[in-house]
Amino acid sequence: MCPLWPLHIILLYMISLAPLWFAACHLTTKQTKALYKNTKPPMTVLFNPSVISDLIISETKEVNFSFSPVNGFEGYNLSCIVTNTDIANAGQIQILKRHKGLVHGSFNVSGSYLGHTSIKLCLSDPAKGTDCELTSNELVVHVIRKPRVVDTIFTVTVVVLVAVIFVNFGCTLDTNRLKDAIVRPIGPLIGLICHFLILPLVSYALGLYFFPDSPTLRLGLFFTGIAPAGGASNIWTFTLGGNLDLSITMTAVSTLASFGFIPLWVLTLGGSIFAERQMEVPFEKLFSSGVTPLVCLLIGFGIQVYFKRLSAFMVRFLKLFSVLLIGFIICFAVITNFYLFKFFSWQIILGGMLLPWIGYFSGWLISYLLNQPNENILAITIETGVQNTGISIFLLRTCLPQPDSDITTVVPVSVALMTPIPLLLFSLLKRMRGKAHRPKLAVSDSEILSS
């Protein structure tokens, strides 16, 4: 009996595999040497500037460079290779000269569109007919958008019109219904659950699914999901016949609660999305977005109490003004942000659609299960689906540099464009049903006149 039993079985296997192991090692070493022998190290080039971080669209900048000459350099062609020519383009190499043992030259870079790209220098041998024998290190290029006057005009116009419409809302306030919404805060509690628990988790999950390789787009969707209710929810609630007093109360409570919940979510899930950047919460923006509508409401309520005729006149045109304001904001927003449509993809469109629509469904389901009145269900549904995308855009502008801040804005813009679709369809359906159920006169107008 073998004294090494059962170890002799393992030894036999090792001895039989030894030739195969020796051959594999020999071939691997040979192939590795051949690979390193045929690989040429990249050419080290010093670019000035080392990074182009503020190239404006349609602007041209000169880049100087220098590098140590390689053997046989005089017979080579030197050119620029741009990674993405849709973002920027590089001109021909200018004035090659030697100075202190280095080759110096320059070329121009022109911005074409918003985004990031890079440029390498390429040495090619015209005798061999190859594209590139040797490449250099990268010059990173960031193309940004020039600030426009139309953006400022749009912002100021919307702020003024929304202030006017909130003064009108103050003229219609019913103190008894407002008191009931505060005493029995079912609607505000539903709004808090949806805005600061359900939608943040939904936006985080949608970002993981749609943008697994883009932390900036995930951040854009997440910041939209943690935003409070927007003032547009009050306009839609009034237009569609919901409980305006409940809607205003929910918006105020949501805005106040955002002072605590937004930093909480930014420091937890937000930090996991974009951990390498320190993110600041714009408390001043949150405060102004909550206080300004409140001041306008108080002004309108004062008009209702002390100037009843003026209040009745303003309320008379409120619904028409609300509809016109919604149409103006949608159309003007599309025009001013038209450059963002190039970045739209099916993931951005679907993510921008699902976030508010899940908010609508969540608010409707919870309020329906709690047996709320129909006008309260409508107000809660609208309130939980409409986010304050202005807050999310401001957060992105604060946390991200250009052009990332502009590119990522496409996510809240997509949400803002997809949010009104169910409300427009509901409004159209309501009008069609209203016409269908309108009572017909038993006697014609001609018969009434003749009698």
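Heads up: the structure comes first, above all this text.
Residues take numbers from 1 onward in each chain, read along the sequence in its written order. Restriction of local features to residues with pLDDT of at least 70 applies here, the model being predicted, together with a cutoff of 80 or more for giving and counting side-chain atom pairs; totals for whole chains, interfaces and linings are based on all residues. Values reported for side chains reflect all heavy atoms of the structure, with hydrogen atoms and water molecules removed beforehand.

What about the environment of Gly105?
Right, on to step 1. Its location among the elements puts Gly105 in strand β7 (residues 102-111).
Right, on to step 2. The spatial distance from the C-alpha of Gly105 to the C-alpha of Gln94 is 5.8 Å, given a sequence separation of 11 residues.
Right, on to step 3. Any pair of residues with heavy atoms lying within 4.5 Å of one another is described as a contacting pair. With sequence-adjacent residues up to four places away left out, Gly105 is seen in contact with Val63, Asn64, Phe65, Gln94, Ile95 and Leu96. Working definition: helices are DSSP H or I runs of at least four residues, strands are E runs of at least two. Numbering for both runs from the N terminus.

So, the pattern of salt bridges
Right, on to step 1. Here a salt bridge means any side-chain nitrogen of Lys or Arg lying within 4 Å of a carboxyl oxygen belonging to Asp or Glu. Tallying each qualifying case throughout the model produces two salt bridges.
Right, on to step 2. Linking Lys61 and Asp54 is a salt bridge whose minimum nitrogen-to-oxygen distance equals 2.6 Å.
Right, on to step 3. Partly exposed describes any residue whose relative accessible area lies between the buried limit of under 20% and the exposed limit of over 50%, with all areas from a 1.4 Å probe on protein chains only and scaled to the type maximum. With a relative accessible area of 26%, Lys61 lands in the partly exposed category.
Right, on to step 4. For Asp406, the salt bridge is made with Arg145, and the minimal N-O distance between the two is 3.2 Å. Here Arg145 lies in the loop between β10 (139-144) and α2 (149-172) and Asp406 lies in helix α14 (residues 404-408), a separation of 261 residues in the sequence. In this structure, Asp406 and Arg145 share a single accessibility class: buried.

Remarks on unusual backbone geometry
Right, on to step 1. Cis geometry marks the peptide bond from Asn48 to Pro49, where omega comes out at 5 degrees.
Right, on to step 2. Non-glycine residue Ser58 carries a positive phi angle of around 75 degrees.
Right, on to step 3. The residue Ser58 is located in the loop between β2 (51-56) and β3 (60-67) in this model.
Right, on to step 4. Accessibility expressed as a relative area gives 66% for Ser58, which makes it exposed.
Right, on to step 5. A positive phi angle, close to 55 degrees, is found at Asn371, a residue other than glycine.
Right, on to step 6. Tracing the sequence through the fold places Asn371 in the loop between α11 (346-369) and α12 (374-385).
Right, on to step 7. A residue is classified by how much of its surface remains accessible, and Asn371, at 69% relative accessible area, is exposed.

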